[in-house]
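Working through the structure, step by step
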Amino acid sequence: QQVVLKKNTQYNQQLIDKLNKPHQFWQTQPMPNINEMDKLKPGPIQLGVLAEVRKDPFNLIDKFEWFNVDLRNEEQAQQVYTLLKENYVEDDDNMFRFDYSIEFLRWALLPPGQYSDWLIGVRVNQKLVGFITGIPVTLHIENEQNKVKMTEINFLCVHKKIRANRLAPVLIKEITRRVHIKNMWQAVYTAGIVVPTPISQTRYYHRSLNAKKLIEVGFSSLSARQTISRQQKLYKLPEEPKTPGIRPMKKKDVAQVTKLLNEYLKNFKLYFKYTDEEVKHWFLPRKDVISTYVVEKEQGIVTDFLSFYNLPSQVIKNPKYTHLRAAYSYYNVATQTPIVQLMYDALILAKNEGYDVFNALDIMDNEKFLKELMFCPGDGQLNYYLYNWKLENDMLKPEEIGIVLV
Ligand SMILES: CNCCCN(C)c1ncc(F)c(N2CC(C(=O)NCc3cnc4ccccn34)C2)n1
């Protein structure tokens, strides 16, 4: 009886703490909070001192141990895949959960220049129960002179059975330490939740490709006047893309795609600059991971390209379907083809690749095609965060964001 009472009081105390001091962890981090916004000048909030960076890993509760994940190792990749498949992001009604594939994770987390100690796992008795990742990026912030080498954080995940152990803050602190050790002091990340302090709040839009299935899995719903067959007719797409010369990207296109992409991204306040090597990694088609199509005119000139990545969701309880096949808009550059026509072709190509829905955020120039191509606003928002950096005006509009995190 005593033990149960103690456990409950301990748990209740944790709840009381949570309610009284929300964001207790985040208040300790160099993120501008509301009242000090006006005082700080644009740029780093805290200047890091390499000599002061802790050399040893943060302490873990006993039996928990740090573990650098080697995603090239099949067994370790399987462990990461299973942890995410069973414990990663779900929608608010717990109907869907992301199901990132192993090949996708290798694409997302093994880019050129990756550090082996930035894919961090926590294990208990050889079982993976926690994960967080960083990849090295150079982010251009608000103007050309701010080219900041930093980390892009992603895939923070703690096993459902060991939540409320305060493991997530330790994972964040440990990857921060491993980034600081490399003399990098900023980070960029996104999250569906709001913690201090978003630099932009973007919104998801969805374009139905398989209306019937979206209704059957509960992703879409029918209003009184709508019927399934009406919806199918409304969202019907032609068999073939409209743009002459559109075809899958090949290795020979890398140099032209790099030029088009870097030129286009200068329009935004937050963007990466890509080398040929990086374009090869991020855009050359990989089956069931990334699709990129280029528009080739006479003499082999590439004038436009479109790209989308594959992120299926497990349908948690449904008699007929186990997965929702979703294509997510990645980077699209239209210099000769009208953007609406280019993205209409993206829908047709995604439908032909077997996707049920095409998702896009209202960032970059996406507003220009979302309404006309019958995208519907989703219920969630994706917040962008910059760690240890004060922007000129604190917030950026979605159309000023030029980066997509997978
Ligand atoms: C760095 N990390 C971001 C991952 C990419 N992210 C979360 C994302 N980028 C663009 C989107 F357009 C988007 N989505 C449209 C919304 C949606 O489809 N909501 C219903 C739903 C279906 N399946 C799931 C699984 C989890 C949560 C909601 N789900 C979420 N998500």
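Check the entry above for the structure.
Report follows, based on the coordinates.

Conventions and cut-offs
Counting of residues starts from 1 at the beginning of each chain's written sequence and follows it residue by residue. A pLDDT threshold of at least 70 governs which residues receive local features in this predicted model, and a stricter bar of 80 or more applies before side-chain atom pairs are shown or counted, although totals over entire chains, interfaces and linings include all residues. Values shown for side chains rest on all heavy atoms present in the structure; no hydrogens or waters enter the calculation. Here a strand is any run of E in DSSP of at least two residues, a helix any run of H or I of at least four, and the numbering for each starts at the N terminus. The globule rule used here is 2.2 Å times the number of residues to the 0.38 power, and the radius of gyration it is set against is calculated over C-alpha atoms. Only protein chains enter the accessibility calculation, which uses a 1.4 Å probe. A residue is then buried if its area is under 20% of the maximum for its type, exposed if over 50%, and partly exposed in between. Should any heavy atoms of two residues lie within 4.5 Å, those residues are counted as being in contact. A 1.4 Å probe and the Shrake-Rupley method give the accessible areas. Residues count as covered only by the protein chains that appear here. By convention, a stacked pair of Phe, Tyr or Trp rings (six-membered ring in the case of Trp) has centres within 6.5 Å and planes under 30 degrees apart, an edge-to-face pair has planes over 60 apart, and any other such pair is tilted. Axes here mean lines fitted to C-alpha atoms, for a helix over just the part in contact, with angles spanning 0 to 180 degrees between N-to-C directions. Any angle that falls under 35 degrees is termed roughly parallel, while one over 145 is termed roughly antiparallel, one within 65 to 115 roughly perpendicular, and all others oblique. Polar here means any residue other than Ala, Val, Leu, Ile, Met, Phe, Trp, Tyr, Cys and Pro, which are nonpolar, and Asp, Glu, Lys and Arg, which are charged; Gly is therefore polar. Here a salt bridge means any side-chain nitrogen of Lys or Arg lying within 4 Å of a carboxyl oxygen belonging to Asp or Glu. Given the number of residues in a helix, its expected span is that number minus one, multiplied by 1.5 Å.

**Description of the overall build of the protein**
Helix and strand counts for the protein stand at 11 helices and 17 strands. Taken over the C-alpha trace, the protein has a radius of gyration of 22 Å; the compact-globule value for 406 residues is 22 Å, and the two agree within 12%. Along the first, second and third principal axes, the C-alpha set of the protein runs to 70 × 55 × 45 Å. Each of the 406 residues in the protein was classed as buried or not, and the buried ones make up 52%. Long-range contacts, defined here as pairs at least 24 residues apart, represent 74% of the contacts in the protein between residues at least 6 apart. For the protein, the accessible surface area stands at approximately 20400 Å², while carbon and sulfur atoms represent 53% of it.

**Examining the packing of aromatic side chains**
Under the definition given, this model contains 30 aromatic pairs. On the numbers, 5.2 Å between centres and 80° between planes, the contact of F104 with W107 is edge-to-face. Taken together, the residues F104 and W107, both in helix α4 (residues 102–109) and three residues apart, mark about one turn of the helix. Here F104 matches W107 in class, with each residue buried.

**Here we look at the packing of helix α3 (residues 74–87) against α4**
The description of two helices packed together rests on the angle between their axes and the distance between the axes. In the contact formed by α3 and α4, the axes pass within 10 Å of each other and the chain directions differ by 100°. The angle between α3 and α4 falls in the class roughly perpendicular. Contacts between α3 and α4 pair E74, A77, Q78, V80, Y81 and L84 from the former with I102, L105 and R106 from the latter. For the contact of α3 with α4, a count of residues per class yields six nonpolar, one polar and two charged.

**Some remarks on the pattern of salt bridges**
Pairs can form between side chains of opposite charge once their charged atoms are near each other. Scanning the model with the defined rule gives 24 salt bridges in all. Two residues, E216 and K212, come together in a salt bridge whose shortest N-O distance is 3.0 Å. Remark: K212 and E216 occur in helix α6 (residues 211–216); sequence separation between them is four residues, near one turn of the helix. When its relative accessible area of 29% is taken as the criterion, E216 is described as partly exposed. The partly exposed category is assigned to K212, whose relative accessible area is 32%. Of the charged contacts in the structure, one is a salt bridge between D365 and K368, with a shortest N-O distance of 3.3 Å. K368 gets classed as exposed once you look at its relative accessible area, which sits at 52%. The network of salt bridges with shared partners includes E74, E103 and R106.

**Thoughts on α3**
Its 14 residues place the ends of α3 20 Å apart at the C-alpha level, agreeing with the 20 Å of an ideal helix rising 1.5 Å per residue. Buried residues of α3: Q76, A77, V80, Y81, L83, L84 and N87, and no others. In the core, the buried residues of α3 are packed alongside β1 (64–68), β2 (96–98), α4, β4 (127–141) and β5 (147–158).

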